[in-house]
Amino acid sequence: HNTFIYENHVYAVNNGRKYDIINIEDPKNPFRVGIFELDTPGHSIHDVWIENGIAYSSNWSDGVVAVDVGGLKFSEKDRSDVKYNPLLMKAGQGSPSNPVKLAELKDEKGLNHSAFPFLSQSTGDFYVVTGDEWYPFGLDNLLQGKPSNPRGGYHFINFTDPVNPKEEAVYMVPEIGSHNHWVDGDILLAGFYQGGIRILDISGELLGDLYKQGREIGFFMSSHKEGKVPNAPFVWGAQPYKDYIFVSDMNSGLYCIQLEDKNKKGPGTP
């Protein structure tokens, strides 16, 4: 389903069951050096993301799993480092050829579809933000090129204690469905299919229902009258680049947007 390139290795999701780890130091002669696969009944994997030598896989009902694939072991004295991640205190044994599971949190609803590690710049807490994918009314409309009606949201899993990770906050917008997301500083860029791209302030303490707390600071409803499905937003995901946000919409293509501060006065404004 997807691949992730990290330090001359490709992490490739294979057949929805595992990810292969492929050495590409010589791009003309790639070779597999490792595999990571769960041993749970009916296990499956949708996505993998690597940061600081730790791979975060999204595994539907098995939830998010953190795996050491070459993480640099940190100590308590490194807590002040901006890249500090408590999982790194458990790392140091894994490598691309010997992936070692560090921590996990299962998803009782079986909807875990994506994961993004996030160190809060304001509190120092370490989270993995996970996203759902859920089509409670089926996939018929999607397959037939009609407006679809998915559901789901984002979950903030506090991994500051890797032995006892806890879901502490959620971000769910009524009547729309989540897909992929990205964290940029203390901002969440949340793809919400028919709800467009939602931009959320995730600074400070993260507890409870973030939607009801009014943390949404902006949104953009992408659509086009000549889209594959006309006038119907269907955002797959978003990614920041410099001062812009690039938004991928399944129905109408690629958008480049910019978040503006309405309170900011322009040149010559009194």
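Residues numbered from 1 in each chain as written. Predicted model: local features only at pLDDT ≥ 70, side-chain atom pairs only at ≥ 80, totals over all residues. Heavy atoms only, no water.

1. Points about the overall build of the protein chain
Alright, step 1. Scanning the protein chain from N- to C-terminus turns up 1 helix and 20 strands.
Alright, step 2. The C-alpha radius of gyration computed for the protein chain amounts to 19 Å, which stays within 12% of the reference 18 Å derived for 270 residues, consistent with globular compactness.
Alright, step 3. Seen along its three principal axes, the alpha-carbon backbone of the protein chain occupies a region of about 55 × 50 × 40 Å.
Alright, step 4. Relative to its full complement of 270 residues, the protein chain shows a buried share of 48%. (Helix = DSSP H or I, 4+ residues; strand = E, 2+ residues; numbered from the N terminus. Rg over C-alpha atoms; globule rule 2.2 N^0.38 Å. Buried < 20%, exposed > 50% of the residue type's maximum accessible area, 1.4 Å probe, protein only.)

2. A look at the layout of surface pockets
Alright, step 1. Roughly 400 Å³ of volume is contained in the largest pocket.
Alright, step 2. Lining the largest pocket are 21 residues, with Trp49, Asn180, His181, Trp182 and Trp236 sitting closest to its centre.
Alright, step 3. Of all the secondary-structure elements, those providing two or more residues to the lining of the largest pocket are strand E1 (3-6), strand E5 (47-51), strand E9 (112-119), strand E13 (181-184), strand E18 (235-241) and strand E19 (244-249).
Alright, step 4. With 4 residues, the top contributor of residues to the lining of the largest pocket is E18.
Alright, step 5. Taken together, the residues that form the lining of the largest pocket break down as 11 nonpolar, 9 polar and 1 charged. (1 Å grid on protein atoms, 1.4 Å probe; cavity = no way out; pocket = protein on both sides within 12 Å on 5 of 7 lines; lining within 4 Å. Points joined across faces, edges and corners; volume = space filled by probe spheres on them. Nonpolar A, V, L, I, M, F, W, Y, C, P; charged D, E, K, R; others polar.)

3. Description of the sheet that holds strand E2 (residues 9-14)
To summarise the sheet geometry, strands pair through backbone hydrogen bonds and adopt either a parallel or an antiparallel arrangement.
Alright, step 1. Read across the sheet, 4 strands follow the order E1-E2-E3-E4 without closing on themselves; strand pairing throughout is antiparallel. If you trace the sheet from one side to the other, it starts and ends with E1 and strand E4 (31-37), each paired once. Geometrically, the sheet is characterised by an average inter-axis angle of 20 degrees between neighbouring strands, direction not taken into account.
Alright, step 2. Sheet analysis places E1 next to E2, joined by 4 bridges and oriented antiparallel. Considered in E2, the bridge of Tyr6 is made with His9. (Pairing = 2+ DSSP bridges. Axes fitted to C-alpha atoms, helices over the stretch in contact; angles between N-to-C directions.)

4. Details of the packing of aromatic side chains
Alright, step 1. The final tally for this structure, using the stated rule, is 13 aromatic pairs.
Alright, step 2. Grouping aromatic residues by their ring pairs yields a cluster made of Phe4, Trp49, Phe116 and Trp182.
Alright, step 3. Sitting above the plane of the Phe219 ring, Arg198 keeps its charged end 4.9 Å from the centroid. (Phe/Tyr/Trp six-rings, centres within 6.5 Å; stacked < 30°, edge-to-face > 60°. Lys NZ or Arg CZ within 6 Å of the ring centre and 35° of its normal.)

5. Quick notes on the nonpolar core
Alright, step 1. Residues Tyr11, Tyr19, Phe156, Tyr171 and Leu188 are the most contacted members of the largest nonpolar core, which totals 34 residues.
Alright, step 2. The contact partners of Tyr19, leaving out residues within four places of it in the chain, are Tyr11, Ala12, Val13, Asn14, Gly34, Ile35, Phe36, Ile45, Val48, Ala55, Ser57 and Val67.
Alright, step 3. The next biggest cluster of nonpolar side chains, apart from the first, holds 14 residues, and it includes Ile54, Leu87, Leu102 and Ile157. (Core = buried A, V, L, I, M, F, W, Y, C linked by side-chain atoms within 4.5 Å. Contact = heavy atoms within 4.5 Å.)

6. Quick notes on the pattern of salt bridges
Two side chains that carry opposite charge are able to pair once their charged atoms sit near each other.
Alright, step 1. Going through the model one piece at a time under the given rule, you end up with 6 salt bridges.
Alright, step 2. A salt bridge links Glu104 to Lys101, with the nearest nitrogen and oxygen atoms 3.3 Å apart.
Alright, step 3. Glu104 sits in the partly exposed class, given a relative accessible area of 30%.
Alright, step 4. Its salt-bridge partner being Arg151, residue Glu175 comes within 2.9 Å of it at the nearest N-O pair. Here the residue Glu175 occupies a position in the loop between strand E12 (166-171) and E13, and Arg151 occupies one in the loop between helix H1 (140-143) and strand E11 (154-158), the gap between them amounting to 24 residues. (Salt bridge = Lys/Arg side-chain N within 4 Å of Asp/Glu carboxyl O.)

7. What about unusual backbone geometry?
Alright, step 1. Although it is not a glycine, Asn15 sits at a positive phi angle of roughly 60 degrees.
Alright, step 2. Position of Asn15 relative to the elements: it lies in the loop between E2 and strand E3 (18-23).
Alright, step 3. On the basis of relative accessible area, Asn15 is assigned to the exposed category, the value being 61%.
Alright, step 4. The backbone phi angle of Glu175 is positive, close to 70 degrees, even though this residue is not glycine.

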